[in-house]
Structure formats: C-alpha cells, structure tokens
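Report on the structure
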Amino acid sequence: MTTHPAVDHAAMANAIRLLAADAVQKANSGHPGMPMGMADVATVLFTQFLKYDAAEPKWADRDRFVLSAGHGSMLLYALMYLTGYPDMTLEQIKNFRQLGSITAGHPEYGHVSGAETTTGPLGQGLANAVGMALGERLLAARFGAEATDHYTYVIAGDGCLMEGISHEAISMAGHLKLNKLIVLFDDNQISIDGPTDLAVSDDQRKRFEASGWNTWAVDGHDPDAIAAAITAAQKSDKPAMIACRTVIGFGAPTLAGTAKTHGAPLGAAEIQGAREKLGWSHAPFEIPDEILEVWREAGRRGEKAHADWNARIAALPADKQSEFRRLMAGELPKGWESAILEAKKKASADKPKVATRVASQTVLETLTAAVPEMIGGSADLTGSNNTKTAVLQPVSASDFSGRYIYYGVREHGMAAAMNGLALHGGVIPYSGTFLVFTDYCRPSIRLSALMNQRVIYVMTHDSIGLGEDGPTHQPVEHLAALRAIPNLLVMRPCDAVETAECWGIAVAENKRPSILALTRQGLPTLRTSHTDDNLCQKGGYVLADSSGKRQATLIATGSEVSLAIEAREKLEAEGVSTAVVSLPCWELFDEQPEAYRKEVLGEGSVRVAIEAAGTFGWERYVGESGAVIGMSGFGASAPAPALYDHFGITADAAVGAVKARL
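Residues numbered from 1 in each chain as written. Predicted model: local features only at pLDDT ≥ 70, side-chain atom pairs only at ≥ 80, totals over all residues. Heavy atoms only, no water.

Let's shift gears to the overall build of the protein chain. Counting its secondary structure elements, the protein chain contains 27 helices and 18 strands. Computed over the C-alpha atoms, the radius of gyration of the protein chain is 28 Å, within 12% of the 26 Å expected from 2.2 N^0.38 for a compact globule of 662 residues. Classification of the 662 residues of the protein chain by burial places 61% in the buried group. Sequence separation of at least 24 residues holds for 78% of the intrachain contacts in the protein chain that already meet a minimum separation of 6. Total accessible area on the protein chain is roughly 23,900 Å²; 51% of this is exposed by carbon and sulfur atoms. Positive and negative charge centroids in the protein chain, built from 59 and 76 side chains respectively, lie 3 Å apart. (Helix = DSSP H or I, 4+ residues; strand = E, 2+ residues; numbered from the N terminus. Rg over C-alpha atoms; globule rule 2.2 N^0.38 Å. Buried < 20%, exposed > 50% of the residue type's maximum accessible area, 1.4 Å probe, protein only. Contact = heavy atoms within 4.5 Å. Areas by Shrake-Rupley, 256 points an atom, 1.4 Å probe, with all protein chains shown as cover. Lys, Arg positive; Asp, Glu negative; His and termini not counted. Charge placed at Lys NZ, Arg CZ, Asp CG, Glu CD.)

Here the focus is the packing of aromatic side chains. The final tally for this structure, using the stated rule, is 18 aromatic pairs. Plain terms: the ring middles of Tyr 77 and Phe 96 are 6.1 Å apart, the flat faces sit at 70 degrees to each other, and that makes the pair edge-to-face. Highlighted residues: Tyr 77 in helix H4 (residues 73-83) and Phe 96 in the loop between helix H5 (90-94) and helix H6 (124-143), separated in sequence by 19 residues. Through a chain of ring-to-ring contacts, the aromatic side chains of Trp 586, Phe 589, Tyr 596, Trp 618 and Tyr 621 assemble into a single cluster. (Phe/Tyr/Trp six-rings, centres within 6.5 Å; stacked < 30°, edge-to-face > 60°.)

What follows concerns the sheet that holds strand S8 (residues 374-378). Taken in spatial order, the six strands make up an open sheet running S9-S8-S10-S11-S13-S12, and their pairing is parallel. Both outer strands of the open sheet, strand S9 (404-406) and strand S12 (489-491), are each paired with one neighbouring strand and no more. Direction aside, neighbouring strands of the sheet carry axes that sit 20 degrees apart on average. As paired elements, S8 and S9 share three bridges and run parallel to each other. When the sheet's bridge partners are listed, Gly 376 is paired in S9 with Tyr 404. (Pairing = 2+ DSSP bridges. Axes fitted to C-alpha atoms, helices over the stretch in contact; angles between N-to-C directions.)

Looking at where Ser 378 falls in the secondary structure, it is placed in strand S8. Residue class for Ser 378 comes out buried when judged on its relative accessible area of 1%.

Turning our eyes to something else, we now look at the packing of H6 against helix H8 (residues 164-175). For the pair H6 and H8, the least separation of the axes is 9 Å and the interaxial angle reads 20 degrees. In terms of orientation, H6 and H8 fall into the roughly parallel class. For the crossing formed where H6 meets H8, the hand is left-handed. Where H6 abuts H8, its residues Gln 124, Leu 126, Ala 127 and Val 130 lie against Ile 165, Ser 166, Ala 169, Ile 170, Met 172 and Ala 173. (Parallel < 35°, antiparallel > 145°, perpendicular 65-115°, else oblique. Left-handed = near helix turned anticlockwise from the far one by under 90°.)

All right, on to the pairing of strand S3 (residues 181-187) then. Here S3 lies mainly inside the structure; seven of its seven residues are buried. By the alternation rule, side chains of S3 split into Leu 181, Val 183, Phe 185 and Asp 187 and Ile 182, Leu 184 and Asp 186, which are all buried. As paired elements, strand S2 (residues 152-157) and S3 share six bridges and run parallel to each other. Paired with Thr 152 across the bridge in S3 is Leu 181. Across six bridges, the pairing between S3 and strand S7 (residues 240-245) is parallel. Its bridge partner lying in S7, Ile 182 is registered against Ala 240.

Written out as structure tokens, the structure is:
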C-alpha cells in the first residue's frame, strides 16, 4: 500500500474517532468510547493485515472480521466508509441509528456488507467467530488451502468476556486448536457501571491460556506493538488472544478513560476539545481527500489476493470447482430429496413404533450421505439425540475432515458456533440437546432467526413423555416460547413419516432456522399410505377425516396425535363425526391461504387441541368455544404413561371435552 507523506497512522485513526464521535452526536444516541479507543488497533488491522477487497466484500476466502463488541458499531461503519465498501456512504453515517438507514445501533447481518454477523448481545460475536474459524478449517480440509485459507479476527470487550458464553466459546476453540482465530481484546477496564474492578478481577490472559490459547499484551495505542503482536498471532499453533490496553474515548479531553464515553454522546464542547487535542481541524463528517485516499488504497490492498484466489478456484478440477461453488451458494445437491422420499416410503411400509428421535436418526442416515455439507453434533447427548450417523466421523484438532462435532456440555456455545458455521458458508449445521435446554440456547436461536440462517436444532425429549427425569427436564413452556420467536420454524412431528418430512423442510429452508422437537417415547406410525407430497410443508393437514359432516375436530402435534386418533375412534363409535388434524408446524400453517386453514380446522365444528405442553397460543386454532388438553404447571418424575394419566392428557379427556361442547 502506498502512503501519502502528510498522512500518518494517527491521522488515519483519528478519522475513525471523529466519524464515530460526530455520528453519535448527530444521532444523539450511541457508543463513541469503544470506536475511539480501538481506532489504533482497527487501523493497523485494516491497513496491514486483514485480507479483504472492499469493492467485493463477500468473496469466499476473505478474512472474517467480527465486531463482537457490537455497541461500538460506528467503528465498523467508519472502517467501511473509509476503505470504500460500496454500500457505506457518508450519508448513511450521517443517518446513524435512524429509521431506514443501514447503520443500525448494532451491526446487523444483511444490512451492511461488512457485518459478518449480527452482534450486540455481548459474547455472541466471539462465539460466532469460533464457528466461522471452524468452518474455515472444515472447508480447507475438504478443498485444500487453494480454496480456503483465511483468518477470523474478533474485537471483543470486557463485557464479551464476562458473559458466560465466552467460556464455552474459548474452551471449544482451544480444544480444537483453531489457530486461525485471533481475538483482539479491548482491555480498557471500563464498563457501563464504571471501572471493571467493581465486578470482575479475572486475569483474562491466564483464563485464555488455561483453555489452550496463546496470548499477548500490548499498548493498544502503539501501532508498531499492535502489528508485531498480530504478526506473531498469525504464526500461532493455537488460537490467539491479544490484550490491547486502551483508553476508552481516547482523545476526549475530560471524559477519556471514563464510563461516560461508553454509551452517550460526548457533547459538542467535548468533541471540539477532542478535535483540538487530536489536531483534527476538519468540520464534522469531513475527511480530507489525502486521508480518504490512503484509506481507500487500504481497501484496495486485497484486490490481488482476491484475483489470485479466483485464478486458483478456476484451476481446480471441474467437479471440485463446481462443488465448492455450489456449497458457497447454499444450493443443495441434485436429487437430495430422494433421501426423504426413501425414508417416508420405508416408514409407511414398515410401520415402526419408534420415538421420533430414533426416526430422525433413520432419516439422517440417508440424508447426511446425500447432503455432504451437513455437519452434525450434540451437546454431550449424542446417544440421546441420535444425531450421529455412519458417514459422520468426528472433527478433532488433528483432523478436520470429519463431519461430526462433539460440542460437550456447551449448549449456548454450540448454538452460537452453529450460527458462525452457517454464516461462514459451505456447510449446513445441525446439532442436538434436550428441548428443555433451548433455554440455554435461546439467545443464539433468536439470532439464527434474526439473521435468516439455515441452522437446524434437533431438540429431543420434548414433553412429559420423557418420564422419570422429572420436571427439571420436562419442557412445558418451551414450545410456546420458541413459537414466539419470529422467523423460526418449530416442528413437532407425530411419527416417522412426518419426521422425514420435517427434515426435508428444515434442510430446504435456507432463509430461516428450524427446531425439530422429537420424542423419547415410541410412537405408532400413523401415515401408512405413502405420498410423494410433503404434507407437513403446509404446517397442518387433515390426517383422518370425519365419516360424515364434521361435528368435531381434534388438533394435535407430535406424540399427542396418536391420542387424537384414539379419541376420534371413540367419538365416531358414539356417532360424533370427528376429524383429526396434525399440526406439526404452526408457522407454516399460518402462512397458508385463509380458505385452506378454515377447511382444515373445520370451521363450525367443536375444536379441541391436545398437546403435552403449556396451552398458551392454542386459542387461535380452537376458538373461544374450544378446549385445550395440555399442561397447566410443571411435570413430575414418573413413567410416561402414568404422567399422561395423572395430568389428564388422554383420549378420554379429549372425548369429554368434545361432548361437553356439542
């Protein structure tokens, strides 16, 4: 990169500082302190080390840069504008945090091309970055360094490292020796409440080292020291953490180094003082041409690396090249659907009575063979979640050619890493734990949905039907809580056939995540006549029609659909014409035309829902005069059949509810 004689490192870093301070001031909202404090580190990274091409930000072998301390979003936006990302204009920066702008308060994936992930909930970006670094290793093992060879850089703050997810993330990264992951710790010793020693006294370097990282400590305002540390980190045989001692709000004459710069505008007088102290005589949002040009040259620095990579990809064998491009485009292999159809046909013919978690593994045996980008895993519950198949070998620090990740008891870190894998591209992550432990995963599940990522959560032991483990492990409120998350498919199949269909939906959905809620207990096969049509695709359908004009409609999901079938038989025997509706996915059903929904639900009939979970939300389907057979409190420790009887989730209860309303 060429330089302008009048432009030094300080001038380039100060351009970041004043853009951040001015944008926050104009918005009267935001966080100027972190961008001002980390401007020196970011300048060194983006001008000397980060492999990127600002004109084409999404090329596959770019280095990933994750701003885990997402409240400092103006750092990212300033870097994007200065280096020449096409979508980041000065006008967007002037409209920071305003409706309709792309410069949201926290960086949002899909809004700005420089945001590799949505950050803001502290620690999530760091954990996403572990997934990205893992994704890089997985693709490098498959396609070689000529296709995939890049670093993942993270700027993380004290808050990121206080969050519990950081422990899971750094432990996982250290165990897998993800040595192309480099964390730049903004060690400013300030949090919102004041000095960090009010709440924490951890030695962060020792903490990382204990998890298998190499660490360095530098003056975060010394560009030569920063560059030397990053150079050393790039050669590390382990993941690397560089503790950068910085002054929050660097340059602010009276507020630098205090919590007052963290989350509020500095004020006109303080910003003017910063201009004077930093020797910045330019008006708000004004970047001198010579400084902007040196920054733009930095943004063009990666053009050759990008071109060289394009040439390497073009030189790959045709089949390898097309496969790599397919994976990075997120396209499924031709003919993958046959794996779903085979599983459905076999289930309809064999009529197994199996838990849907077992049925899920049967589907996965053929699906993971047909879709080689599927990367499985479990949070230390492989034998219970049934997520490992014959073709999936373990991923380890010495062998990244495998496709199965033993995440350990790290549910939150697992979910966040899966987001990072999906965001990296080239893989479809799925992994499992118990449904009750979606509580541990929820922040990451929410971000999967917010970012439109194809992440598949296999959540087994989905009700009181798990039995003796008792109320600590029996989900009650969890289905309702998950259904409340926008853009998330929550699917609870009733048998082996529906399980196959739900897997087909989850794999094909490339713009939203999926939850598969699966049983521990065995369930009968209810769909005994094969159809190529995916009936679950509509979210709900009439599984068993009424014998005459419909008088009653029983609506159920998962394990309770068989109870609805039993109740229907009893009602029909008593002359009550009754239909059963299987409703495996509310979200897909709600997307269907109104006429279809009314037809399925049997408008005008008595409607009773059955689900071994909290009843919240079911009123939309049963109406004001309907009934819901479900849980009104927590479960208990006992065999599953006894629990169903004890809590009144039975066919007889459904029959009684219908007859009381006829």
